[in-house]
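Architecture at a glance
Below are the chains, spelled out letter by letter.
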Amino acid sequence: MDVLTLALIGAKGLYLLFAWLLSAAIGAWNERAQGLRERVGLAFGLLLTVVGLLFVLLLPGRPGSLWKTEGPLPRRKRR
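Remember, it's a predicted structure, so these values are computed and weren't measured experimentally.

Before going further, it helps to examine the overall build of the protein. Regarding its fold elements, the protein presents three helices and zero strands. Going from the N terminus to the C terminus, the protein shows its helices and strands as α-α-α. The C-alpha atoms of the protein give a radius of gyration of 17 Å, which is well past the 12 Å a tight globule of 79 residues would have. Looking at the protein as a whole, 22% of its 79 residues qualify as buried. For the protein, restricting intrachain contacts to residue pairs at least 6 apart in sequence, the fraction spanning at least 24 positions comes to 54%. Of the accessible surface of the protein, which amounts to about 6,400 Å², a share of 68% is contributed by carbon and sulfur atoms.

Listed below in structure tokens is the structure:
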């Protein structure tokens, strides 16, 4: 095998690892904002990667949660 081929496979693997970890972190954050347990979003993000993240985004938030009161992306508080 060529060294360049191995290097390209390693770079793709690193990008897939980043996508996998980001989908798990965003899924957990999204579930916490929706007023649900973080474990659900983390599990969907880890097991189903990007598809699981899309599934978590489609789940409805609980009444009175941060997701329902401030929207999907809450505003930052000013000092």
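Back to the write-up after that little detour.
This paragraph deals with helix H1 (residues 3–33). Relative to the 45 Å expected for 31 residues at 1.5 Å per residue, H1 spans 45 Å between its end C-alpha atoms, a close match to the ideal helical length. All of the buried residues along H1 are Ser23, Ala24, Gly27, Ala28, Asn30, Glu31 and Ala33. On its buried face, H1 is in contact with helix H2 (38–58) and helix H3 (66–70). After H1 finishes, the residue Gly35 shows a positive phi value of roughly 85°.

Confidence in the prediction for the protein averages 80 pLDDT; 95% of positions are at 70 or higher. Ranking the elements of the protein by mean pLDDT puts H3 last with 78 and H1 first with 83.

It is worth spelling out the side chain of Ser23 at this point. Along the chain, the position of Ser23 falls in helix H1. Dropping the residues within four chain positions of it, Ser23 is found in contact with Gly45, Thr49, Val50 and Leu53.

Our focus in this paragraph is H2. Compared with the 30 Å implied by 1.5 Å per residue over 21 residues, the 15 Å span of H2 between its first and last C-alpha is markedly short. Residue Leu48 marks the point of greatest curvature in H2, where the axis turns by about 145°. Buried residues in H2 make contact with H1.

The rules behind the values
- Within any chain, residue numbers begin from 1 and follow the written order of that chain's sequence.
- The model is predicted, so local features are restricted to residues of pLDDT at least 70 and side-chain atom pairs to those at 80 or more, both for listing and for counting; the totals for chains, interfaces and linings are taken over all residues.
- Water and hydrogen atoms were dropped before computing side-chain values, which therefore reflect all heavy atoms in the structure.
- Counting from the N terminus, the helices are the DSSP runs of H or I reaching at least four residues and the strands are the DSSP runs of E reaching at least two.
- Each radius of gyration reported is based on C-alpha atoms, and the globular scaling rule is 2.2 Å times the count of residues to the power 0.38.
- Buried means the residue's accessible area, taken with a 1.4 Å probe over protein chains only, is under 20% of the maximum for its type, while exposed means over 50%, and partly exposed covers the values in between.
- Note on contacts: a residue pair qualifies if any of its non-hydrogen atoms lie within 4.5 Å across the two residues.
- Computed by Shrake-Rupley with a 1.4 Å probe, the accessible areas treat only the displayed protein chains as cover when residues are assessed.
- Each helix should span, by expectation, one fewer than its residue count multiplied by 1.5 Å.
- Confidence of the prediction at every residue is given by pLDDT, a number between 0 and 100.
- Values of bend correspond, residue by residue, to the angle between axes fitted over the seven residues ending at that residue and the seven starting there.

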